[in-house]
Amino acid sequence: MPEPGEFSPDALQQRLERILLGGKRKYTRLEVAEKAGVPEERSRRLWRALGFATVEDDEVVFTDADVEAIRTADQLMNSGLIDPSIELAVTRALGQHLSRLAEWQVHMLWTMITENKEIGSSERQIGRLVDRLLPELEKVQDFVWRRHLAAYAGRALAMPDEDLEARTEVVGFVDMVGYTRLTRQVGEDELTDILDRFESVASEVVADHHGRIVKMIGDEVLFVADSAVDGAEIALALSERADADETLPAVRAGLASGRILSRFGDVYGSVVNLAARLTSTARPGTILVDKELATELLAFPQFEVRTRRPVSVRGYNRLRPSSLRRARDRPSGMFASSQQLAAEMLGLGDSVPAPDPVLDEAEDATADSLPPRPKRRRRR
């Protein structure tokens, strides 16, 4: 029995389930399928695809809300809106994304409860908090979803002839250098702060330059942008922000441009793989781009693109990247004339500087002989 002032974890779990699941657990899986009018095998596949644990046929774990949800999902699939061949893929994507969201929200809720003793003093208080908070979370989620839906719909209608799944984009990876070593040197709280800070900076920069974050992968962000300029600005700004922030390690980046396959919120294809390989090759504080993107960026005088020596990485025997940085003062003398000649040969006009491979290989040799510049970090 709980002591006075304490609460029973079992009672709390039951109360939260009634709030979150929309009622008591009272049906088996077979009963849900029968009540929803959905074939048993189909209901089982949908349940698994959503990421939920498999349950025995006689386990009473489902509610009236589950019956309605299975019925609605079945009607949506049968409406013709979703191709039967991708039915389970769509369901898996939905389950995976919402699972991550739910995990974060529970962590947020638990932190609120543990840090406010008056809230966590009884099962009734916690139940009231969840009961009050849930509708507000639903409103925010619905608003964010609708805004993203409007944004993607706007792009689709603006380009009606373009394939929404396979299109030309700039793909970029930016990752923190020395992250594995960092995890062994700092505590969990400081590591959490670093990851939160990196994610916050990445979100701000990508949004400011009209890109879209595909996903955060621990110490790395994967983003896409519609234009070469936006992609370059995202990588440069992220590198500059990280360099100016003493709480963050240095970053490195790789960018590539070309056709990608966009599927259920993720991106695939050789361009994505190339951007990842370029990132793994880049030195701390540097940005490498592929030949396609380098050629596009030559038309913009605010950038300086320089050819690097070929490198061998997994899947590419002689990958010849280019380095990207902001343009400095215009060169003069011999370098000015050589860059002007290269620009004219490429048909890029009088004002566009072209890469000077001789200079870059000399810079590479110098850079490769130096160790990565250590970055000062603020300790607690």
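In the block above lies the structure referred to throughout.
Calculation rules
- Note that residues are indexed from 1 along each chain, following the sequence as it is written.
- The predicted origin of the model limits local features to residues at a pLDDT of at least 70 and limits the giving and counting of side-chain atom pairs to 80 or more, whereas totals for whole chains, interfaces and linings rest on all residues.
- Only hydrogens and water are set aside; all other atoms, that is, all heavy atoms of the structure, feed into the side-chain values.
- Numbering of helices and strands runs from the N terminus, with a helix taken as a DSSP run of H or I at least four residues long and a strand as a DSSP run of E at least two residues long.
- Only protein chains enter the area calculation, which uses a 1.4 Å probe; residues under 20% of their type maximum are buried, those over 50% are exposed, and those in between are partly exposed.
- Per-residue and other accessible areas were derived by the Shrake-Rupley procedure at a 1.4 Å probe size, with only the shown protein chains allowed to occlude residues.
- Each axis is a line fitted through C-alpha atoms, taken for helices only over the stretch in contact, and angles between the N-to-C directions span 0 to 180 degrees.
- Geometric relationships in this document are graded by angle, where less than 35 degrees denotes roughly parallel, more than 145 denotes roughly antiparallel, 65 to 115 denotes roughly perpendicular, and other angles denote oblique.
- Any two residues whose heavy atoms approach within 4.5 Å are treated as being in contact.
- Residue type decides the class: Asp, Glu, Lys and Arg count as charged, Ala, Val, Leu, Ile, Met, Phe, Trp, Tyr, Cys and Pro as nonpolar, and the leftover types, Gly among them, as polar.
- Each helix crossing is assigned a hand: it is left-handed if the near helix lies turned anticlockwise from the far helix by less than a right angle, otherwise right-handed if that turn is clockwise.
- Each patch is built from residues lacking any salt bridge and having more than 30% relative accessible area; the joining distance is 9 Å for like charges and 5 Å for nonpolar side chains (Val, Leu, Ile, Met, Phe, Trp, Tyr).
- Each salt bridge in this description consists of a side-chain nitrogen of Lys or Arg and a carboxyl oxygen of Asp or Glu lying within 4 Å of one another.
- The span you would expect from a helix comes to 1.5 Å times its residue count less one.
- Between N or O atoms, a polar contact is any pair within 3.5 Å; within protein, one atom must be a potential hydrogen donor and the other a potential acceptor, and residues adjacent in sequence are included only when both atoms are from side chains.
- Here the positive residues are Lys and Arg and the negative ones are Asp and Glu; neither His nor the chain ends is included.
- At least two DSSP bridges between two strands are needed for those strands to be called paired.

Student: Looking at this model, I keep getting lost on the overall build of the chain. Mind explaining?
Tutor: Of regular secondary structure, the chain possesses 13 helices and 10 strands. Counting across all 380 residues of the chain, residues that qualify as buried make up 35%. Working note: accessible area of the chain is about 22,800 Å², and carbon and sulfur atoms make up 54% of it.

Student: Which parts of the structure should I look at to understand the packing of helix α3 (residues 40-49) against helix α4 (residues 64-78)?
Tutor: Where α3 meets α4, the axes come as close as 11 Å, and the angle between the chain directions of the two elements is 100°. Taken together, the axes of α3 and α4 lie roughly perpendicular to each other. Of the residues in α4, those in contact with Arg42, Ser43, Leu46 and Trp47 of α3 are Asp66, Ile70, Asp74, Met77 and Asn78. Tallied by class, the residues present in the contact of α3 with α4 amount to 4 nonpolar, 2 polar and 3 charged.

Student: Looking at this model, I keep getting lost on the environment of Glu199. Mind explaining?
Tutor: Among the secondary structure elements, Glu199 is positioned in helix α8 (residues 188-208). Spatially, the C-alpha atoms of Glu199 and Val221 are 7.9 Å apart, while their sequence positions differ by 22 residues.

Student: Explanation requested: the packing of helix α2 (residues 29-36) against α4 in the structure shown.
Tutor: When two helices pack together, their arrangement is captured by the angle between the axes and the distance separating the axes. The contact between α2 and α4 brings their axes to 9 Å, and the two run at 55°. Considered as vectors, α2 and α4 are oriented oblique to each other. In the packing of α2 onto α4, the handedness of the crossing is right-handed. Here Val32, Lys35 and Ala36 of α2 lie close against α4, whose contacting residues are Asp66, Val67, Ile70 and Arg71.

Student: Honestly, a nonpolar patch on the surface in this entry has me stumped. Any pointers?
Tutor: The grouping of Val140, Phe143 and Val144 at the surface amounts to a nonpolar patch, some 270 Å² of accessible area in total. With respect to the helices and strands, Val144 occurs in helix α6 (residues 123-158). Relative accessible area serves as the criterion here: at 36%, Val144 is assigned to the partly exposed category.

Student: Would you take a moment to explain helix α10 (residues 270-281) for this structure?
Tutor: At 3.6 residues per turn, the α-helix brings residues three or four places apart onto the same side. If you check α10, its first and last C-alpha atoms are 16 Å apart, about what 12 residues at 1.5 Å a residue would give, namely 16 Å. Where α10 is concerned, the buried positions are Val271, Val272, Leu274, Ala275, Arg277, Leu278 and Thr279.

Student: In this structure, what is going on with the side chain of Thr279? I would like to understand it.
Tutor: When you line up the elements, Thr279 lands in helix α10. Engagement of the side chain of Thr279 in a polar contact is seen with the backbone nitrogen of Gly254, the distance being 3.1 Å. Engagement of the side chain of Thr279 in a polar contact is seen with the backbone oxygen of Ala275, the distance being 2.8 Å. With residues up to four places along the chain from it excluded, the contact list for Thr279 reads Phe173, Asp175, Glu220, Arg252, Ala253 and Gly254.

Student: Would you mind going over the side chain of Asp290 with me for this structure?
Tutor: Mapped onto the fold, Asp290 is located in the loop between β6 (287-289) and α11 (291-297). Salt bridges are absent for the buried Asp290, whose nearest opposite-charge side chain, Lys291, sits at 10.0 Å. A polar atom in the side chain of Asp290 sits 3.4 Å from the backbone nitrogen of Ser257. One polar contact links the side chain of Asp290 to the main-chain amide nitrogen of Leu293, over a distance of 3.1 Å.

Student: Would you take a moment to explain the pairing of strand β10 (residues 322-326) for this structure?
Tutor: Walk down a regular strand and you will see the side chains alternate between the two sheet faces. Bridge analysis of β6 against β10 gives 2 bridges, and the strand direction is antiparallel. Residue pairing in the sheet places Leu288 in a bridge with Ser323 of β10. Examined bridge by bridge, strand β7 (residues 303-307) and β10 share 5 bridges and lie antiparallel to one another. Its bridge partner lying in β10, Arg306 is registered against Ser323.

Student: Explain the pattern of salt bridges here, please?
Tutor: Two side chains that carry opposite charge are able to pair once their charged atoms sit near each other. A complete count under the given rule lists 19 salt bridges for this structure. Between Arg328 and Glu304 there is a salt bridge, with the nearest N and O atoms lying 3.3 Å from each other. Remark: Glu304 occurs in strand β7 and Arg328 occurs in the loop between β10 and α12 (333-345); sequence separation between them is 24 residues. Residue Arg328 is classed as exposed on the basis of its relative accessible area, which comes to 52%.

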